[in-house]
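Residue-level listing of the chains:
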Amino acid sequence: MAQEKVAVVGLGYVGIPLAALLASKGYEVMGVDVSEERASSVGEGRLPLKGDEPGLTELLAKGVRKGALKASSSAGMLGGRKVIFVCVDTPIDADRRPDHSSLRKALESVAKNMSRGTLVIVESTLAPGTMVGVVRPALERGSGLKAGKDFGLAHCPERVMPGRLLKNITTYDRVIGGLDLRSQQRACAIYSKLTKGKLHTTDLTTAEIVKTAENAYRDVQIAFANEVALISEKLGADAFEVRRLVNTCPFRDMHLPGAGVGGHCLPKDPWLLATAGKAANPKLIPIARAVNDSMPFHVLDLADSLLGASGLKVEDAVVTVLGASFLQDSGDARNSPSLPVVESLKRAKELRVHDPFLGDFAGLKVQKDLKKALAGADLAIFMVSHKEYLKLAPGALKKMMKTPAVVDGRNIFEARKMAKAGIDYRGVGKGSLQ
Ligand SMILES: NC(=O)c1ccc[n+]([C@@H]2O[C@H](COP(=O)([O-])OP(=O)(O)OC[C@H]3O[C@@H](n4cnc5c(N)ncnc54)[C@H](O)[C@@H]3O)[C@@H](O)[C@H]2O)c1
């Protein structure tokens, strides 16, 4: 039987694992991206994503080697594809409203090249109402075809996390919103080959609400943990011990507090939901966003107070920020909480940024050698719990630094051990030594 021809539009964190996986499951895949650099990298079997992505480098290379996966920057290559997946970025604008510029351009390309019988599946995260209000009309207008009658339409929002892309995509349950039963069934037939997880079918708008609510829920949970961390600090308690004990109570699942929330999804998906639902006047979701956005500034307050206690000002100090990506062991720096911290500390006598996965950040060259980054520093601020940092012993840290002052945004160190090593230490949620 001839292999089914499919296409993936948008070769990023979502599109690349999908394209590689489809190629490994017997589909003939064409990846299309507006970025020529991205398309040629994927087309040559080289993974253009930074950070550790177990199994993906090999899967991508294998798909290209056996000729099952090709990539191009030309939208014309979408012609003749039975199924077209849309995986482009869907950010928010400065007013926190959905920015549909990439989505609209991608839909234009799809509409021009689709034909009777095509199934279009949008995997990008969408503000509820977008499939019905934006995607369907754009495809119908651009193609002259009628959704449901001439082509199928589904929304299967992706749930992956950088660092675990392949594992997530092959094991997680998927929610599949379809315009009609036929679209749902066709989409299910494909996803049943991709994941061991269950497939849950619903309508287009419910699928959009589910995805944005998943991320808004997580953001609210993290904001709650952050609020408990701020309270614990003031009361001289350790929020991580509080969390451990809270979670001994049945039906409790307190999240981890920390130096802030970043990435492409969590800082914007709650706004996609809140904006779409503004008629309901949502209050909790925007407040949670504000709490999480304030955490990098809390880290800066901790740094100021720690330096102040040593009689130093930021302007006179050598400061090292450790971790610039938004997530441990990932090179994804989108909306990283380290950004406001680094920007504010540019007034330091000397500012160094260390990250094992990034080359530059906020206009600064990133130091990759941990020892060089810490040598002679007055203040070290840990923003991300990269594996390399977890191996650092307080004694070694003390020897490397000049004024051993450490702010811990990710519960990497134990306050007691840092004190024993002679390090001035403050951490998000750690009030036990104040
Ligand atoms: N990153 C994640 O972990 C994650 C997880 C779940 C869902 N999502 C959602 O999936 C979508 C994609 O996210 P991502 O992280 O893969 O984004 P990304 O920025 O990594 O990739 C998007 C790609 O689309 C390309 N693109 C933009 N416009 C295009 C067009 N008109 N035609 C062809 N290519 C185009 C870009 O060049 C880019 O390479 C977003 O809606 C996001 O919210 C992301």
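To keep things clear, this report deals only with the structure shown in the data block.

Rules behind the numbers
- Position numbers for residues count from 1 along each chain, tracking the sequence in the order it is written.
- Only residues with pLDDT of 70 or above have their local features reported here, since the model is predicted, and side-chain atom pairs are shown and tallied only from 80 upward, although totals for entire chains, interfaces and linings are computed over all residues.
- Side-chain measures here rest on the full set of heavy atoms in the structure, leaving out hydrogens and waters.
- Numbering goes from the N terminus for both helices and strands, where a helix is a DSSP run of H or I of at least four residues and a strand is a run of E of at least two.
- Exposure is judged per residue with a 1.4 Å probe applied to protein chains only, and the accessible area is read against the type maximum: over 50% gives exposed, under 20% gives buried, and values in between give partly exposed.
- We call two residues in contact when some of their heavy atoms are within 4.5 Å.
- The method behind every accessible area is Shrake-Rupley, applied with a 1.4 Å probe, and residues are considered shielded solely by the protein chains displayed.
- Note on aromatic pairs: the rings of Phe, Tyr and Trp (six-membered ring only in Trp) are paired at centre separations within 6.5 Å, and the planes decide the class, stacked below 30 degrees, edge-to-face beyond 60, tilted for the rest.
- For two strands to pair, DSSP has to find at least two bridges joining them.
- Angles here are taken between N-to-C directions and fall from 0 to 180 degrees, while the axes themselves are lines fitted to C-alpha atoms, restricted in helices to the stretch in contact.
- Oblique is the label for any angle not under 35 degrees, not over 145, and not in the 65 to 115 range, which are roughly parallel, roughly antiparallel and roughly perpendicular in turn.
- A crossing counts as left-handed when the near helix is turned anticlockwise from the far one by less than a right angle, and as right-handed when that turn is clockwise.
- Gly is placed with the polar residues, together with every amino acid not listed as nonpolar (Ala, Val, Leu, Ile, Met, Phe, Trp, Tyr, Cys and Pro) or charged (Asp, Glu, Lys and Arg).
- If a single non-hydrogen atom of a residue is within 4 Å of a molecule or strand, that residue counts as near it.
- Think of a polar contact as two N or O atoms within 3.5 Å of one another; within protein, one of them needs to be a possible hydrogen donor and the other a possible acceptor, and neighboring residues in sequence only count if both atoms come from side chains.
- In this text, buried Ala, Val, Leu, Ile, Met, Phe, Trp, Tyr and Cys residues form a nonpolar core when linked through side-chain atoms within 4.5 Å.

### A look at the overall build of the protein chain
Secondary structure summary: the protein chain contains 16 helices and 15 strands in total. By its C-alpha atoms, the protein chain is 70 × 50 × 40 Å across when sized along the principal axes. Burial statistics for the protein chain: of 434 residues in total, 53% are counted as buried. Partitioning the contacts of the protein chain with sequence separation of at least 6, the portion at a separation of at least 24 is 70%. Within the structure as shown, the protein chain displays about 19,100 Å² of accessible surface, and the carbon and sulfur contribution to it stands at 54%.

### So, the packing of aromatic side chains
According to the stated counting rule, one finds three aromatic pairs in the structure shown. Seen from their ring centres, F85 and Y191 are 6.2 Å apart, and the 85° between their planes marks the pair as edge-to-face. One end of the pair, F85, is in strand β4 (residues 83-86); the other, Y191, is in helix α7 (residues 181-194), and 106 residues separate them in sequence. Each member of the pair, F85 together with Y191, is buried. Ring geometry for F382 against F413: centres 5.0 Å apart, planes inclined by 75°, an arrangement best described as edge-to-face. Residue F382 is located in strand β13 (residues 379-382), and its partner F413 is located in the loop between β14 (405-408) and α16 (415-420); the two are separated by 31 residues in the primary sequence. Here F382 and F413 have matching classes, each one buried. Among the aromatic residues, ring-to-ring pairing joins F382, Y389 and F413 into one connected group.

### Things to note about the sheet that holds β4
Strands pair in a sheet through their backbones, by hydrogen bonds, and they do so in one of two ways: parallel or antiparallel. The strand order across the open sheet built from eight strands is β3-β2-β1-β4-β5-β6-β7-β8, with neighbouring strands paired in mixed fashion. Looking at which strands have only one partner, the edges of the open sheet turn out to be β3 (69-72) and β8 (199-203). Strand-to-strand, the axes of this sheet are offset by a mean angle of 25°, without reference to chain direction. Packed on one face of the sheet, helix α1 (residues 15-24) meets β1 (5-9), β2 (28-32), β3 and β4 and runs near 165° to β1. Contacts between helix α8 (residues 204-235) and the sheet are confined to β6 (152-155), β7 (174-178) and β8, with β8 contributing the most and set at about 120° to the helix.

### Let's talk about the packing of helix α4 (residues 101-113) against helix α5 (residues 130-143)
Interhelical geometry of α4 versus α5 gives an angle of 40° and a closest axis separation of 8 Å. Classified by the angle between their axes, α4 and α5 sit oblique to one another. Crossing geometry of α4 relative to α5 is assigned as right-handed. For the pair α4 and α5, the contacting residues are L103, R104, L107, V110, A111 and K112 in the first and T130, V134, V135, A138, L139, G142 and S143 in the second. In the contact of α4 with α5, the residues fall into eight nonpolar, three polar and two charged.

### Quick notes on the site of the ligand
In the vicinity of the ligand, 27 residues are found, and the nearest of them are V14, D33, T90, T125 and K268. Between the ligand and Y13 there is a distance of 3.0 Å, counted from an oxygen atom to a backbone nitrogen or oxygen. The separation between an oxygen atom of the ligand and a polar main-chain atom of V160 is 3.4 Å. In isolation the ligand exposes 820 Å². Once the protein is present, 91% of that is buried. Top contributing element to the shell around the ligand by residue count: α4, with three residues. When grouped by side-chain class, the residues that make up the shell around the ligand number twelve nonpolar, seven polar and eight charged.

### Here we look at the sheet that holds strand β9 (residues 318-322)
The five strands lie next to each other as β10-β9-β13-β14-β15, forming an open sheet whose pairing is parallel. At either end of the open sheet lies a strand with only one pairing partner, and these are β10 (350-354) and β15 (424-427). Across the sheet, the mean angle separating the axes of adjacent strands is 15° when strand polarity is ignored. With four bridges connecting them, β14 and β15 associate as parallel partners. Across the sheet, the residue bridging to A405 is D424, located in β15.

### Observations regarding the packing of α8 against helix α10 (residues 269-276)
Following both chains from N to C, one finds α8 and α10 inclined at 120°, their axes separated by 8 Å at the closest point. Relative to α10, the element α8 lies oblique. Like other packed secondary-structure pairs, α8 and α10 cross with a definite hand, here left-handed. Mapping the contact onto sequence places I209, K211, T212, A213, N215, A216 and D219 in α8 and D269, P270, L272 and L273 in α10.

### Focus on the nonpolar core
The biggest cluster of nonpolar side chains holds 39 residues, and the ones touching the most others in it are V8, L22, V29, F85, I121 and I190. Contributions of two or more residues to this core are made by β1, α1, α3 (56-65), β4, β5 (119-122), α6 (165-171) and α7. M295, V299, A303 and L307 belong to the second largest nonpolar core, which has 32 residues in total.

Functional significance is not addressed by these values, which are geometric in nature.
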